[in-house]
Amino acid sequence: MILVLAPDLPATHRNRIRRRLESQSFGVVYVSGGDYPYLEVSGEIPALHSLKPQYWPGVIAAVPVSTLHPHVADRTGEAAAAVAVSAGDLALGRPNFQFIAGPCALEEPDRTLSLATRVRDAGVKLFRGGAFKPRSSPYAFQGLGKVGLELLAQVRSELGLRVVTEVLDVRDLEAVAEIADVLQVGSRNMYNTGLLSELGRLRQPVLLKRGFAATLDEFLSAAETVVLGGNDQLILCERGVRSGVDRHGVVLDLGVVADLRRRTPFPVYVDPSHGAAVSPRVAPLARAAVAAGCDGLLIEVHDAPELALSDGQQAIEPDEFTRLVGEIERIRRALEGARE
Ligand code: PEP
Ligand code: MN
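Because the structure is a prediction, the values reported are computed rather than measured.

1. As for the pattern of salt bridges
Evaluation of the coordinates by the stated rule reveals 19 salt bridges. D181 is paired through a salt bridge with R156; the nearest N and O atoms lie 2.6 Å apart. Linking D181 in the loop between α5 (173–179) and β10 (182–185) with R156 in helix α4 (residues 146–159), this pair joins segments that are 25 residues apart in sequence. Of the residues examined, D181 reaches a relative accessible area of 8% and is grouped as buried. With a relative accessible area of 33%, R156 lands in the partly exposed category. Between D181 and R162 there is a salt bridge, with its nearest N and O atoms 3.7 Å apart. Of this pair, D181 sits in the loop between α5 and β10 while R162 is found in strand β9 (residues 162–166), placing the two residues 19 residues apart along the sequence.

2. A short note on the coordination of the manganese ion (ligand 2)
Note on the manganese ion (ligand 2): its protein donors are C104 (SG), H274 (NE2), E300 (OE) and D311 (OD). The metal-donor distances range over 2.1 to 2.4 Å. For the manganese ion (ligand 2), all donor residues lie on one chain, and their spacing in sequence is C-x169-H-x25-E-x10-D. With E300 in strand β16 (residues 296–300) and D311 in the loop between β16 and α11 (318–339), the pair connects residues that are 11 residues apart, well separated along the chain. Residue E300 shares its accessibility class with D311, and that shared class is buried.

3. Quick notes on the sheet that holds strand β12 (residues 234–238)
As summarised here, the arrangement of the eight strands in space is β7-β8-β9-β10-β11-β12-β15-β16, forming a closed barrel in which the pairing is parallel. The sheet shows a mean angle of 25° between the axes of neighbouring strands, taken without regard to direction. Here β9 pairs with β10 via three bridges, running parallel. Each residue of the ladder has a partner; that of E166, found in β10, is Q184. Sheet strands touched by helix α10 (residues 282–291): β15 (268–270) and β16. Its angle to β16, the strand with the most contacts, is close to 170°.

4. Some details on the nonpolar core
With 84 residues, the main nonpolar core has L208, L297, I299 and F321 as its most contacted residues. When residues of this core are assigned to their parent elements, the largest contribution, seven residues, is made by helix α7 (residues 216–228). Excluding residues that lie within four positions of it along the chain, I299 makes contacts with F99, I100, A101, G102, R128, P272, S273, V282, A286, I316, F321 and L324. Core analysis: the next-biggest nonpolar cluster, separate from the first, contains 17 residues, V28, V41, I45 and W56 among them.

5. Re the packing of α10 against α11
In contact at an axis separation of 10 Å, α10 and α11 are set at 25° when each is read in the N-to-C sense. In terms of orientation, α10 and α11 fall into the roughly parallel class. Between α10 and α11 lies a crossing of right-handed hand. Within the contact between the two elements, α10 uses A283, A286, R287, V290 and A291 and α11 uses E320, L324, E327, I328, I331, R332 and L335.

Rules used in this analysis
- Residues numbered from 1 in each chain as written.
- Chains lettered and ligands numbered in written order.
- Predicted model: local features only at pLDDT ≥ 70, side-chain atom pairs only at ≥ 80, totals over all residues.
- Heavy atoms only, no water.
- Salt bridge = Lys/Arg side-chain N within 4 Å of Asp/Glu carboxyl O.
- Helix = DSSP H or I, 4+ residues; strand = E, 2+ residues; numbered from the N terminus.
- Buried < 20%, exposed > 50% of the residue type's maximum accessible area, 1.4 Å probe, protein only.
- Donors = N, O, S within 2.8 Å, 3.2 Å for Na, K, Ca; no water.
- Pairing = 2+ DSSP bridges.
- Axes fitted to C-alpha atoms, helices over the stretch in contact; angles between N-to-C directions.
- Contact = heavy atoms within 4.5 Å.
- Core = buried A, V, L, I, M, F, W, Y, C linked by side-chain atoms within 4.5 Å.
- Parallel < 35°, antiparallel > 145°, perpendicular 65-115°, else oblique.
- Left-handed = near helix turned anticlockwise from the far one by under 90°.

Just geometry here; none of it tells us what the structure is for.
Laid out in structure tokens, this is it:
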């Protein structure tokens, strides 16, 4: 990292900065002669970055010249090669585009099984459904809990689908990991470093959603927490960010898809359902996400959205979903042709 110093900084002050850095085992080289003197600092730069040295008195800029997320971003050589994420025999990374589809929350068994059959018939291999729901209101339906996990196990064994579900709390991790082929970390939990560290100890795929107000840097730091623990089976998922400008309070950030694809080796998924907030916007945003280069889509589907216990307003119905799957396939083929 380069710490650019104020031109008139007294040597005593500069030495104080140097001593602070050296006491924390950073290497420091002082360079002068140009318009600005600077310190070249070596060592564990992500740790130094977290100390925000750009705000220290006497420092006018701190420029990292190495990656701040060494396990997940801006890697070079072999480390930058696409990571193969697999749920059993199902490959989830490039070039294997996948849909994750199903209701927001698991509900009655019959409804869940018939919906799972509909999405399977549309070609989906990964069924989603929340057993533990992170609802903003304590009065809202909180999910079926362990009963929901049993239902997912039934979907898995009877229909041959892989299942994706959210783990909300470290106390449920073992139970969720036993059933889920992919463990989802929701937007609200992206900052839950205790949970992320525990997921790092698993060797199962984790779908990490971006916090709805998280910067790219914070999202990558959350990803780093999982991978640092040894679990590189990671999928990154953009799901929309809070915006007071939009009528529905959320904007799907497709620019971040390009950033993530350029900077990380992990599959990048998009959730146009939470990013849309209302169902008429889901299919257009899904098409745009594919054009922006995502590796998969997570879409909420419900056979009777008006009866849904969670997020019915953004659920699309199975017929519309089936049409969308066909459209996405055609868009992907067209994109391949366009890139030739
Ligand atoms: C969900 O997938 O149903 C969900 C709660 O998503 P998010 O964490 O993105 O709000
Ligand atoms: Mn939902």
